[in-house]
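Topology and contacts: notes
So the chains spell out like this:
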Amino acid sequence: RFIGIPTAPPDSILGLTEAFLADKNPSKMNLSVGVYKDASGQTPILKCVKEAERRLIETEATKGYLSIDGLPDYREQVRSLVFGDSIDAGRIAILQTPGGTGALRVAADFIVAQLSPARIWMPSPTWANHPAIFAAAGLASETYRYLGSDRTSFDLAGMLEDLNQKTKPGDAVLLHACCHNPTGVDPTPEDWKAIAKTVAERQLIPLIDFAYQGFGDGIEQDKAGLQTILEAVDEAIVCNSFSKNFGLYSERVGSVCLVAADSETMKAAQSQLKTIVRTNYSNPPRHGGAIVATVLQDAELTTLWKQEVDEMRQRIDALRQQFVETMKTTGAGHDFSFLLKQKGMFSFSGLTPMQVDELKNKHGIYIVGSGRINVAGMSEAKMDSLCQSVASVL
Ligand code: PLP
Ligand code: TYF
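Residues numbered from 1 in each chain as written. Chains lettered and ligands numbered in written order. Predicted model: local features only at pLDDT ≥ 70, side-chain atom pairs only at ≥ 80, totals over all residues.

**Regarding the confidence of the model for the protein**
- When pLDDT is averaged across the protein, the result is 96; 100% of the residues are at 70 or more.
- This complex was scored by the predictor with a pTM of 0.97 and an ipTM of 0.97. (pLDDT = per-residue confidence, 0-100.)

**Section: the site of ligand 2**
- Around ligand 2, a shell composed of D11, I13, L14, V33, G34, W127, N129 and N181 is seen.
- By residue class, the composition of the shell around ligand 2 is 4 nonpolar, 3 polar and 1 charged.
- No fewer than three residues from each of domain 1 (14-45 + 301-393) and domain 2 (65-297) sit in the shell around ligand 2. (Near = placed C-beta within 6 Å. Nonpolar A, V, L, I, M, F, W, Y, C, P; charged D, E, K, R; others polar. Domains from an automatic or database assignment.)

**Regarding the pairing of strand β8 (residues 254-259)**
- In terms of burial, β8 is a largely internal element, 6 of the 6 residues being buried.
- Residues G254, V256 and L258 line one face of β8 and the alternating positions S255, C257 and V259 line the opposite face, and both faces are buried.
- Two strands pair when backbone bridges link them, and strand β2 (residues 92-97) and β8 are joined in this way by 6 bridges, in the antiparallel orientation. Following the sheet pairing, A93 is matched in β8 by L258.
- As paired strands, strand β7 (residues 236-241) and β8 are joined by 6 bridges and run antiparallel to one another. If you follow C239 over to β8, its bridge partner there is V256. (Buried ≥ 20, exposed ≤ 12 C-beta atoms within 10 Å, placed from the backbone. Helix = DSSP H or I, 4+ residues; strand = E, 2+ residues; numbered from the N terminus. Pairing = 2+ DSSP bridges.)

**Some words on unusual backbone geometry**
- For the peptide bond that leads from S124 to P125, omega is 5 degrees, which places it in the cis range.
- With respect to the secondary-structure elements, P125 resides in the loop between β3 (120-124) and α5 (129-137).
- The residue after N181, namely P182, is reached through a cis peptide bond having omega 20 degrees.
- On the secondary structure map, P182 appears in the loop between β5 (172-176) and α7 (189-201).

In structure tokens, the structure reads:
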């Protein structure tokens, strides 16, 4: 019977947007969910995407099913964008998935089906959906230390100690390729070398979540950590997403990429990944993948895309600076300059759950309970009022 089914708790991040929409405060601000907004507060459709869509409308000849692993042109572009020529294409299986979330779920199902009794080690903290996805797939998860006790720096020593002392060979380890969600705290290139060495020595399988390529230091630069890992190991899984860097949030486009030691192993693993997709959503949606492929196959549109990603990243950096500077003028006496070192959309502000609650209830400012602020949701025009509100709860 349906009667008696208990109500599930709302998503800790998306649930806040529901509350935000219902809030009648005229000066409300949503700095919770990780969505980019421009100066007018809109989440724009990129110009390169609009142009690709215009071309697709003219040329698209069918809405027939895609194959289980998606559009071949899309997969080839993902390979080139994420891996370049550093790895033999015959070792990489790529499947187009419904967003990065779809990729993570396929990866988790694959680990459970083929690598049991593996566990996955996640950074503490991590995106709240990570443990939820792994639990839904039946994949046991554990955490390793990531954020330092000062809440603003990376605890490399803690991470390595946990991986060295607690993991078993064959366990998976979740790594954020760049723009760590929720902290914005990323390893340095030197840190990545030490992480790669430990991952290889402990015979761990890296599951690299690459949802923010281009939002850290740049499209090419943001691959550095992933490349260091792939130089050290011969097996890995990479989950990428085009939600943020193409602004294709609702089109649901990403991919799960499996790197194997040789092409025979890759083909066997690929067949298993396809089985998982077949029994889940059958095959991916076409439109988002077709847009990404159209842009990345065209030199002019690719140039435009890179400019648009650079613009988004530079705007976020500018907002970070403006926030730090404006906070200084409030007289709150709290230095936020650690935000300037953080990468991507998010920053861990250090605000406590009580301060977060007060911001919401008194000022209509919504940030995630952990104190995570979506910097990409701030605006130049509302910066003063945001900083006054933050100062008043400090
Ligand atoms: N991984 C991380 C770390 C994320 O923050 C997100 C955010 O949305 C995703 C994966 C999934 O992205 P998508 O919206 O493409 O499913
Ligand atoms: O962390 C974020 O805000 C983004 C968006 O269940 C998101 O990754 C948040 C929650 C969720 C799905 C996407």
